[in-house]
Amino acid sequence: MKQTVQTKSGRYEIIIEKGAFARLAEEIAPIVGEGRLFVVTDDTVDGLYGDALRNHLSGMDVHYLVLPHGEGTKSLSHLSQIYSELALADMTRTDTLLAFGGGVIGDLAGFAAATYLRGIRYIGVPTTLLSQVDSSVGGKVAVNLPEGKNLVGNFYPPARVIIDPELLKTLPERVFNDGMAEVIKYGAIRDEALFTMLEGDISDKMEEIIHRCVDCKRRIVENDEFDTGERMVLNFGHTFGHVMEQLYHYQKYTHGEGVAIGMKRITRKTEEMGLTRPGTAQRLETLLKKYDLWFDESGFDRDAAMKTLFLDKKGSKDCIRYVIIEEIGNAVIRPFPKQDTFLID
Ligand code: NAD
Ligand code: GLY
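The paragraphs below set out a description of the structure included in this document.

The rules behind each value
- Residues numbered from 1 in each chain as written.
- Chains lettered and ligands numbered in written order.
- Predicted model: local features only at pLDDT ≥ 70, side-chain atom pairs only at ≥ 80, totals over all residues.
- Heavy atoms only, no water.
- Near = heavy atom within 4 Å.
- Polar contact = N/O pair within 3.5 Å; in protein donor to acceptor, adjacent residues only side chain to side chain.
- Areas by Shrake-Rupley, 256 points an atom, 1.4 Å probe, with all protein chains shown as cover.
- Phe/Tyr/Trp six-rings, centres within 6.5 Å; stacked < 30°, edge-to-face > 60°.
- Helix = DSSP H or I, 4+ residues; strand = E, 2+ residues; numbered from the N terminus.
- Buried < 20%, exposed > 50% of the residue type's maximum accessible area, 1.4 Å probe, protein only.
- Lys NZ or Arg CZ within 6 Å of the ring centre and 35° of its normal.
- Core = buried A, V, L, I, M, F, W, Y, C linked by side-chain atoms within 4.5 Å.
- Contact = heavy atoms within 4.5 Å.
- Lys, Arg positive; Asp, Glu negative; His and termini not counted.
- Salt bridge = Lys/Arg side-chain N within 4 Å of Asp/Glu carboxyl O.
- Disulfide = S-S within 2.5 Å.
- Nonpolar A, V, L, I, M, F, W, Y, C, P; charged D, E, K, R; others polar.

**Topic: the site of ligand 2**
And step 1. Near ligand 2 the following residues occur: Asp134, Lys140, Lys217, Arg231 and Leu234.
And step 2. Note that an oxygen atom of ligand 2 is positioned 2.6 Å from one of the side-chain N or O atoms of Lys217.
And step 3. In the environment of ligand 2, an oxygen atom lies 2.8 Å from a nitrogen or oxygen atom belonging to the side chain of Arg231.
And step 4. Notes on ligand 2: free accessible area 200 Å², of which the protein chains cover 84%.

Shown next as structure tokens:
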């Protein structure tokens, strides 16, 4: 399956196919051309797939950089390391960077590509479910600062994205389920048929599921590349999710788990308010349970949560805009008075 993303910043193809990794050289040849390739990956992915990658790319002139795994790698110091290695390897604007890993490697290497020599081509080969359905699509690239996540970044589209669902087979269950939270989100905001598919047996359906998620994100990004309007629907569940992540210092819940809590909580509340079709919250919660994404978050510190929420939304004036679902597959952005604490109560 192939999709083409067309935005103001560029046009690129996303290939989604079992076995695409084994055909990597062929898939990237039109982008790399006669140039050289600079691969950035992490140590976990390298341990699992490094030999196969070197084998698949054996006919190309490739420089490899293996970084430690984990969110800590999305830092200025590792960005600086990539710049130095690119320069030492004499990479030029006719060469291509390839990000082989999850969202951390994709965001970091993508930002390096966006800025080295004022921009060189980059190819994404995402290896986690989250990066296959979300971060590799849409051109957001970034690094974290000690002061906060994704504070330095850019919109910089890849030249191509190659997605092989087979790579997901080695993911630890919790990392897989973390990505499932974003998959469920796509169903909840835009694709009722996807949501229904997730309620059944998905064991042989990953390729189609990824395709549907990418298609959903592609359409949203094509309408609102720079995140000034519709793209906000991708943040369904994220506001309260961020609060939960931060309250527990990123130790208790993964990002996806926070999003799952956020989706559950806001949908319960909007259903009580009559803004969401009755039965929707129950259906969502049943699906979250299926992927080990249901948590009893009720014991949180309300004062601290309120502070975190309002700090997160400090740019908003009289109202805060939240993404809510009116029914499965139909998200809308709705303003709520700023003093309305319904998410915390
Ligand atoms: P990650 O890149 O840290 O990967 C999670 C873990 O899985 C890592 O330890 C990694 O080594 C390991 N891993 C990767 N592929 C594997 C495989 N095939 N088999 C076994 N283990 C594997 O985390 P992530 O969840 O992929 O990405 C999170 C990052 O993505 C965050 O920094 C977040 O800010 C960013 N993000 C960006 C966007 C965007 O639009 N750019 C969107 C969502 C999230
Ligand atoms: N992950 C949200 C976005 O790409 O806008």
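**Some remarks on the packing of aromatic side chains**
And step 1. Counted under the stated rule, the structure contains 11 aromatic pairs.
And step 2. Between Phe21 and Phe100 the ring centres are 5.3 Å apart and the planes differ by 10°, which places this aromatic pair in the stacked class. Of this pair, Phe21 sits in the loop between β2 (10-16) and α1 (24-32) while Phe100 sits in strand β5 (residues 96-101), and the two are 79 residues apart along the sequence. The residues Phe21 and Phe100 share a single accessibility class, namely buried.
And step 3. Centre to centre, the rings of Phe240 and Phe300 are 5.5 Å apart; their planes meet at 65°, and the pair counts as edge-to-face. Of this pair, Phe240 sits in helix α9 (residues 238-247) while Phe300 sits in the loop between α11 (280-290) and α12 (302-312), and the two are 60 residues apart along the sequence. There is no split in this pair, since Phe240 and Phe300 are both buried.
And step 4. Cluster of aromatic residues (ring-pair linked, three or more members): Phe21, Tyr49 and Phe100.
And step 5. Its guanidinium or amino end placed over the ring of Tyr64, Arg54 lies 4.3 Å from that ring's centre, counting from NZ or CZ.
And step 6. Residue placement shows Arg302 over the ring face of Phe300; its charged tip is 4.4 Å from the ring centre.

**Let's talk about unusual backbone geometry**
And step 1. Of note in this structure, Asp227 is not a glycine but carries a positive phi near 60°.
And step 2. In this model, Asp292 sits at a positive phi of 55°, which is unusual for a non-glycine residue.
And step 3. Here Asp292 shows up in the loop between α11 and α12.
And step 4. With a relative accessible area of 52%, Asp292 lands in the exposed category.

**Here we look at the nonpolar core**
And step 1. One finds Leu129, Ile184 and Leu198 to be the most contacted residues of the largest nonpolar core, which totals 65 residues.
And step 2. Looking at this core element by element, the count peaks at eight residues for helix α6 (residues 173-190).
And step 3. Leave out the neighbours within four places in its chain, and Leu129 touches Leu168, Leu171, Phe176, Gly179, Met180, Val183, Met206 and Ile210.

**Details of the side chain of Glu225**
And step 1. Mapped onto the fold, Glu225 is located in the loop between α8 (206-223) and α9.
And step 2. It turns out Glu225 is buried and unbridged, and the closest side chain with the opposite charge, Lys8, is 5.9 Å from it.
And step 3. Within the structure, the side chain of Glu225 is placed 3.3 Å from the backbone nitrogen of Lys8, a separation counted as a polar contact.
And step 4. Among residues more than four places away in sequence, those in contact with Glu225 are Thr7, Lys8, Ser9, Phe155 and Arg231.

**Considerations on the pattern of salt bridges**
It is possible for side chains bearing opposite charge to pair when their charged atoms get close.
And step 1. In the structure shown here, the tally under the stated rule is 26 salt bridges.
And step 2. Each of Glu71, Lys74, Asp107 and Lys149 takes part in a single network of salt bridges with overlapping partners.

**Re the state of the cysteines**
And step 1. The tally for this structure, following the rule as stated, stands at zero disulfides.
And step 2. No disulfide involves Cys213; its nearest neighbouring cysteine sulfur is the one of Cys216, lying 7.3 Å away.

**Considering the site of ligand 1**
And step 1. What surrounds ligand 1 is a group of 25 residues, the closest being Asp42, Gly103, Thr127, Thr128 and Thr170.
And step 2. One of the side-chain nitrogen or oxygen atoms of Glu71 is found 2.8 Å away from an oxygen atom of ligand 1.
And step 3. Note that an oxygen atom of ligand 1 is positioned 2.8 Å from one of the side-chain N or O atoms of Lys74.
And step 4. In the complex, the protein chains occlude 87% of the 870 Å² of accessible area that ligand 1 would expose alone.
And step 5. Mapped onto the shell around ligand 1, the elements with two or more residues apiece are α2 (43-56), α4 (103-115), α5 (129-135) and β8 (148-155).
And step 6. The biggest single contributor to the shell around ligand 1 is α2, with four residues.
And step 7. Across the shell around ligand 1, the residue classes tally to seven nonpolar, nine polar and nine charged.

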